[in-house]
Amino acid sequence: MQTTKTNLAPVPPMGWNSWNSFGAPITEADVRATADRMVELGLVELGYRYLNIDDGWQAPARVDGRLTWNAETFPSGIPALAEHVHAKGLKFGIYSCSGSRTCLGLPSSYGYEETDARTFAEWGVDFLKYDFCFLPHDIKGRPSYERMGRALRQSGRDIVYSICNWGFEDSPTWARHAGAHLWRTTYDIKDNWNSIYDLGFRKQKDLAPFAGPGGWNDPDMLVVGMRGRGNPEVVEGSEGKGCTDDEYRTHFALWCLQCAPLIIGGDLRTMAPEHLDILRQRRLIAVNQDPLGLQARNLYHHRNVQVWAKPLADGGVAVGFFNLGPKPERYCPAMLATLGFAETARVRALDLGTGEDRGVFTRYYETGEIRPHACEVVRLEEV
Ligand code: GAL
C-alpha cells in the first residue's frame, strides 16, 4: 500500500489558487501578477508558499499523447512560468482530473497517470490538485487516485498531492494511503455565510481523527475578501456582496483551528486591506501550523455558540467560541477541566484575534460579547 511522504506536508499547506476568483479564463498574466502580489503583501513570508493554477490552463487536445498548455493564454508555457514562480520564492501548483476530462471538459489524466506525473515533474510542478469529473461509467475513484499517487511518487520530484473528490467514497478514510497530503471533504465553497456554515461547522464535525502531520482534511479554499466578485460559480448566491467582515474572520479562524489547508481564493490584485489583514493574522496562522497537527473538535455548544478546541504542541489549547445565532452572545463559559486542564489549574487567556491578555482564570474561562456570526478565539495556557 502507498503511504504518504510525511515530510511534504508536516503542517497544512498554505498558498493561493486561481479557481475562486478567475475560474476558467485564467491566464499567465494573472498568475504572474498574483506571484508579485504574494511577495509584496508579505504573504510568502507568512507561509503562503504555493501558487496553484486550477482548471483552465490546458490546450484543448493532447499533443503526442502529452498534456500541454493553452498557448494563447499561457504564451511563455508552463515550464517557464514555473521557473518564474520559483524565482519569486514560491512553489508552483497545477491541476488535473482523475476522469477522462476535467470538470471544464479539457484533457485529463485518466489512463495517462504515469505520463502526466512525469510531465508535471519535468515542468517543475510542486503541487497537484486532482479532481473528480468524468470518471468512466462504473469506475470507482479510489483506484484512480491510488494510481496517480503511485505515479507522483515515482515521478522523481516531490509533489504535494491534493485529492479533490468532494469527500465521496469516504475518502478521508483512505486518502492518506493513496498518497494524498490533503483531501477535499466537501463540494465547492461559495462566497456566502450558508456555505461557510455548511462546509466548516457541519461537515467537519466527525473528521478530526483523519487529520494529522502529513495529511489534512480540506473543506475547500478560502473566500475571505471576495466580496461577491470572481468566478460566477463561486459567487453565486452572494448577491454581489459576499460575506460580512465578521463572517470572513469566523471563516478564517475556523479553518485555522481545523488544520485546514489555507489556500487563498480571493483576487490579491484588488483585495481590500482589511481583508488582507484577516489572512495575515500571525497568531491564528501559528495555531493552524502548530506541529502537533491536531484538528479542533467541536466540544459542545452553549446557546447559539459552538465551542471548538485544538490542543497545541506546547501544552496550550486554542479555543474558538463561534456565535452562529442572529443576536450578540455574552459570557459563554468553558470549563477548564473539559479542555484538559487540572481542576486546580490557573490558566492565562490570550485573545488570538486582538492579541489582548484576558487575564488569569480558574475552573472556567468566560468570553466577552460576541457579535452574530463573529467569534472569539483564545489561547489558554497554565501559569
Ligand atoms: C471542481 C472543484 C473545484 C474546481 C473546479 C474546476 O470539481 O471542486 O474546486 O477545481 O472543479 O473545474
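Above this text you will find the structure in question.
Residues numbered from 1 in each chain as written. Predicted model: local features only at pLDDT ≥ 70, side-chain atom pairs only at ≥ 80, totals over all residues. Heavy atoms only, no water.

Trainee: Explain the sheet that holds strand β10 (residues 305-311) here, please?
Mentor: Across a sheet, paired strands are connected by hydrogen bonds in the backbone, their directions being either parallel or antiparallel. One open sheet holds the six strands; their spatial order is β9-β10-β11-β16-β13-β14, and the pairing between them is antiparallel. Each end of this open sheet is capped by a strand with a single partner; those strands are β9 (297-302) and β14 (357-362). With direction set aside, neighbouring strand axes in the sheet form an average angle of 25°. The sheet contact formed by strand β13 (residues 346-351) and strand β16 (residues 375-382) spans five bridges and is antiparallel. (Pairing = 2+ DSSP bridges. Helix = DSSP H or I, 4+ residues; strand = E, 2+ residues; numbered from the N terminus. Axes fitted to C-alpha atoms, helices over the stretch in contact; angles between N-to-C directions.)

Trainee: For this particular structure, what's the right way to read empty space enclosed by the protein?
Mentor: Take a probe with the size of a water molecule and roll it over the atoms, and the empty space left behind shows itself. Counted under the stated rule, the structure contains two cavities of 30 Å³ or more. In this structure, the second largest cavity spans a volume of roughly 90 Å³. Surrounding the second largest cavity, Asn17, Asn52, Phe127, Lys129, Ser162, Leu182, Arg184, Asp218, Asp220, Met221 and Ile263 form its lining. For the lining of the second largest cavity, the residue count by class is four nonpolar, three polar and four charged. (1 Å grid on protein atoms, 1.4 Å probe; cavity = no way out; pocket = protein on both sides within 12 Å on 5 of 7 lines; lining within 4 Å. Points joined across faces, edges and corners; volume = space filled by probe spheres on them. Nonpolar A, V, L, I, M, F, W, Y, C, P; charged D, E, K, R; others polar.)

Trainee: What am I meant to see in the site of the ligand here?
Mentor: Lining the immediate environment of the ligand, one finds Trp19, Asp54, Asp55, Tyr95, Cys103, Leu104, Lys129, Asp131, Cys164, Trp166, Arg184 and Asp188. With respect to the ligand, the side chain of lysine 129 contributes an N or O atom lying 2.8 Å from an oxygen atom. Protein burial of the ligand: of its 310 Å² of free accessible surface, 96% is covered by the chains. (Near = heavy atom within 4 Å. Polar contact = N/O pair within 3.5 Å; in protein donor to acceptor, adjacent residues only side chain to side chain. Areas by Shrake-Rupley, 256 points an atom, 1.4 Å probe, with all protein chains shown as cover.)

Trainee: Looking at this structure, I do not really get the sheet that holds strand β7 (residues 216-218). What am I missing?
Mentor: Reading across from one edge, β7-β6-β5-β4-β3-β2-β1-β8 is the order of the eight strands in this open sheet, with parallel pairing throughout. Edge positions in the sheet fall to β7 and β8 (262-264), since each of these pairs with one other strand and no more. For this sheet, the mean angle separating the axes of adjacent strands, direction not counted, is 25°. As defined by bridge partners, strand β4 (residues 127-131) adjoins strand β5 (residues 160-163) across four bridges and the pair is classed as parallel.

Trainee: Looking at this structure, how should I read the environment of valine 125?
Mentor: Looking at the secondary structure, you find valine 125 in the loop between α5 (113-123) and β4. For the pair valine 125 and arginine 142, spaced 17 residues apart in sequence, the C-alpha separation works out to 23 Å. Once you skip the residues sitting within four places of it in the chain, valine 125 turns out to touch Phe92, Ile94, Phe120, Arg157, Asp158 and Ile159. (Contact = heavy atoms within 4.5 Å.)

Trainee: Explain the packing of α5 against helix α6 (residues 141-153) here, please?
Mentor: A packed helix pair is summarised by two numbers, namely the angle formed by the two axes and the spacing between the axes. The contact between α5 and α6 brings their axes to 8 Å, and the two run at 40°. Regarding the angle of α5 to α6, the classification is oblique. Crossing of α5 against α6: the hand is right-handed. Judged by residue contacts, Glu113, Glu114, Asp116 and Ala117 of α5 engage Ser144, Arg147, Met148, Ala151 and Leu152 from α6. Classifying every residue of the contact of α5 with α6 by side-chain character gives four nonpolar, one polar and four charged. (Parallel < 35°, antiparallel > 145°, perpendicular 65-115°, else oblique. Left-handed = near helix turned anticlockwise from the far one by under 90°.)

Trainee: Teacher, can you tell me more about the pairing of strand β3 (residues 91-97) here?
Mentor: Two faces, one strand: in a regular strand the side chains alternate between the faces of the sheet. Burial runs high along β3: six of the seven residues are buried. Of the strand pairs in this sheet, strand β2 (residues 50-52) and β3 are connected by three bridges, and their pairing is parallel. Pairing of leucine 51 across the sheet is with phenylalanine 92, part of β3. The parallel pair β2 and β3 is bridged by helix α4 (residues 78-87), and the resulting crossover is right-handed. Two strands pair when backbone bridges link them, and β3 and β4 are joined in this way by five bridges, in the parallel orientation. Across the sheet, serine 96 pairs through a bridge with tyrosine 130, a residue of β4. Once you follow β3 into α5 and on to β4, the crossover reads as right-handed. (Buried < 20%, exposed > 50% of the residue type's maximum accessible area, 1.4 Å probe, protein only. Right-handed = clockwise from strand over helix to strand, strands pointing away.)

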